[in-house]
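Residue-level structure breakdown
For reference, the chains in residue letters:
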Amino acid sequence: MSTAHASIDDRNLRTGGLALLGALAMLGLGYAAVPLYDLFCRVTGFGGTTQVATEAEASSAASAGISKEISIRFDASTARDVPWAFRPAQATDTVRIGQRDLASYVARNDGSVPITGTATFNVEPAQAGKYFHKIQCFCFTQQTLQPGQEVNMPVLYYVDPAILEDEFMADVEQITLSYTFHRAKEPVSTALDRSN
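Let us look at the structure shown here. Counting of residues starts from 1 at the beginning of each chain's written sequence and follows it residue by residue. With pLDDT at 70 or above as the cut-off, local features in this predicted model cover only qualifying residues; side-chain atom pairs require 80 or more to be listed or tallied, and sums for whole chains, interfaces and linings still use all residues. Side-chain measures here rest on the full set of heavy atoms in the structure, leaving out hydrogens and waters.

**Things to note about unusual backbone geometry**
The residue after Glu-124, namely Pro-125, is reached through a cis peptide bond having omega 0 degrees. To qualify as a helix, a DSSP run of H or I must reach at least 4 residues; to qualify as a strand, a run of E must reach at least 2; elements of each kind are numbered from the N terminus. Of note, Pro-125 is situated in the loop between β6 (115–124) and β7 (132–137).

This is the structure we're talking about:
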């Protein structure tokens, strides 16, 4: 009788231990989900997530010598708690695929206090995200604007020539680059404080 009771206690202890390990594993996956999803989006361009490119990668794309062009439309918005006027300097541009191009956005703080913002971004159609490469962008860092301050915010980018090999992109004539500024929850001390 005591041997059977000990055997049941061992099984219960083993089952409890496995349940605890399972719960800890799910908790760990819950914490890892956001960074893993972010990594997935950046690698695949999922959901219109753009890519970050180096100067060497941009030079390599430019050396492909592609003559085909594509239209880029620029879009800008702000969250409700960001009293900024934010707009693209020009609504559209036509660029050669593989060639660097410079776009500019204009932001003005219409509020009465300094505000630090961070920009989220994506492109449409979503499948274009893996071909839209940014070399330099104001969206890489937080931006702090003083009351009444207006600044130009540049984006240096190119469209990867690999877009021409993607059958799902064959009919795409325009890519829309969208930014939305949100108030930074905790401004980073190294945030760019623009004074011009």
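Next comes the rest of the write-up.
**Focus: the pattern of salt bridges**
Note on definitions: salt bridges are taken to be side-chain nitrogens of Lys or Arg within 4 Å of carboxyl oxygens of Asp or Glu. Applying the stated rule across the entire model yields three salt bridges. Arg-183 is the salt-bridge partner of Asp-81, the closest N and O atoms lying 3.9 Å from each other. With Asp-81 in the loop between β2 (69–78) and β3 (84–88) and Arg-183 in strand β10 (residues 174–183), this pair connects stretches of sequence that are 102 residues apart. A relative accessible area of 41% places Asp-81 in the partly exposed class. Across the salt bridge formed by Arg-108 and Glu-150, the nearest N and O atoms sit 3.5 Å from each other. With Arg-108 in strand β5 (residues 101–109) and Glu-150 in strand β9 (residues 150–159), the pair connects residues that are 42 residues apart, well separated along the chain. When accessible area is computed with a 1.4 Å probe and restricted to protein chains, residues below 20% of their type maximum are described as buried, those above 50% as exposed, and intermediate ones as partly exposed. A relative accessible area of 32% places Arg-108 in the partly exposed class. Overlapping salt bridges bring together Arg-108, Asp-110 and Glu-150 as one network.

Everything listed here is a matter of coordinates, which is why it stays silent on function.
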